[in-house]
Amino acid sequence: MYSSNLIGFILACVSSAFIGSSFVIKKKGLKRAGASGPRASVGGYGYLLEPLWWVGMITMIVGEIANFVAYIYAPAVLVTPLGALSIIVSAVLAHFMLNEKLQKMGIMGCLLCIVGSTEIVLHAPEERTINSVEEIWELATQTAFLLYTASAIAVALVLILYCAPRYGQTNIMVYIGICSVIGSLTVMSVKALGIAIKLTFEGVNQFKYFQAWVFAMVAVTCIIFQLNYLNMALDTFNTAVVSPIYYALFTSFTILASAIMFKDYSGQSASSIASELCGFITVLSGTTILHSTREPDPPFITDLYTPLSPKVSWHLQGNGDMWKQKDEDGQSPNFIAVLRSDYFC
């Protein structure tokens, strides 16, 4: 493995440990906040006052910083798939902390994720040498990547403006789709910003170019959108469902974006590319197994009990006339209950 790739690999593993933990910690914080106020999934922001959510947030920030630095030293096609390790961490911790049981087949899924990640690491391409932020700007403004960016923004807007209000609470793909599509642009801008910072620390100031500030603004904007919709997904659906699906979509879009922008696979042999794709498919298989063996979240109930609609009984009077009575009304002994009962809508 190339020395720069090794540094990126180690940082990516550390990042996965922190990010995987943050999923579970933030979930517990969201549950506590939701028990005393509006949930994040319905637009509530009470979790901002919950200390445990902030612990999870800080844990995620540490993991993202490690991930940020990893992108400086290694290509996205190496760093991003290693996010599968965070799924293993979150699944194991959720088993103990959230009572989201990890079945035997789920353990098999974890092992497949590890095997696939190893395959990806062993055949990852070497990081491309970039000497200025202007060079990255040329890559970002090539026609193919501009088309990808326009498509990603269009898809995100449709999901946010049309699908989220209608299907966000019932279809897990809406919130995660928004996170994943926007996330691929986040990674590209973060990688560009990271390279600019690295070159600046080496003595060549890159922030005298406006391009560096554009990448910074894009990164901040995309991260805000990602966090908002990721919170909604975590608060609405089971952690063990959110994590693997988010990983699969996010990784797929990121690899596609990186391949278009940075041409990661240029110069690699067909066998290396095939091995890396097989590794990625193995990881996807592992996440699918892990997802399919987990129990869904129980329905969330805001009150201690949910009153049923009042029950109505039909009774027959002695003269043959029908008479309708609610359950809470006392039943007269002069009436005989017959045939059936209805419920108010």
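As shown above, the structure is provided for reference.
Notes on the structure follow. Small disclaimer: the values here were computed from a predicted structure and weren't measured. (Residues numbered from 1 in each chain as written. Predicted model: local features only at pLDDT ≥ 70, side-chain atom pairs only at ≥ 80, totals over all residues. Heavy atoms only, no water.)

The subject of this paragraph is helix α5 (residues 104-122). A rise of 1.5 Å per residue sets the reference length of α5, with its 19 residues, at 27 Å; its end C-alpha atoms lie 28 Å apart and thus fit the reference within 8%. Of all the residues in α5, the buried ones are Gly106, Gly109, Cys110, Cys113, Gly116, Ser117, Ile120 and Val121. Viewed along the axis of α5, the buried residues span an arc of 135 degrees, placing them on a single side of the element. Those residues of α5 that are exposed and angled more than 90 degrees off the buried face are Lys104, Val115 and Leu122. (Helix = DSSP H or I, 4+ residues; strand = E, 2+ residues; numbered from the N terminus. Expected span 1.5 Å × (residues − 1). Buried < 20%, exposed > 50% of the residue type's maximum accessible area, 1.4 Å probe, protein only. Arc of directions from axis to C-beta.)

Here the largest pocket is characterised by a volume of approximately 750 Å³. Lining the largest pocket are 36 residues, and of these Ile19, Glu64, Asn67, Gln226 and Phe250 sit closest to its centre. Tallying contributions element by element places helix α2 (residues 51-73) first for the lining of the largest pocket, with eight residues. Each residue belonging to the lining of the largest pocket can be placed in one class, and the counts come to 23 nonpolar, twelve polar and one charged. Taken as a whole, the second largest pocket holds about 460 Å³ of empty space. The wall of the second largest pocket is formed by 23 residues, among which Thr149, Ile153, Leu185, Val218 and Cys222 lie closest to the centre. No other element matches the eight residues that helix α7 (residues 143-167) contributes to the lining of the second largest pocket. (1 Å grid on protein atoms, 1.4 Å probe; cavity = no way out; pocket = protein on both sides within 12 Å on 5 of 7 lines; lining within 4 Å. Points joined across faces, edges and corners; volume = space filled by probe spheres on them. Nonpolar A, V, L, I, M, F, W, Y, C, P; charged D, E, K, R; others polar.)

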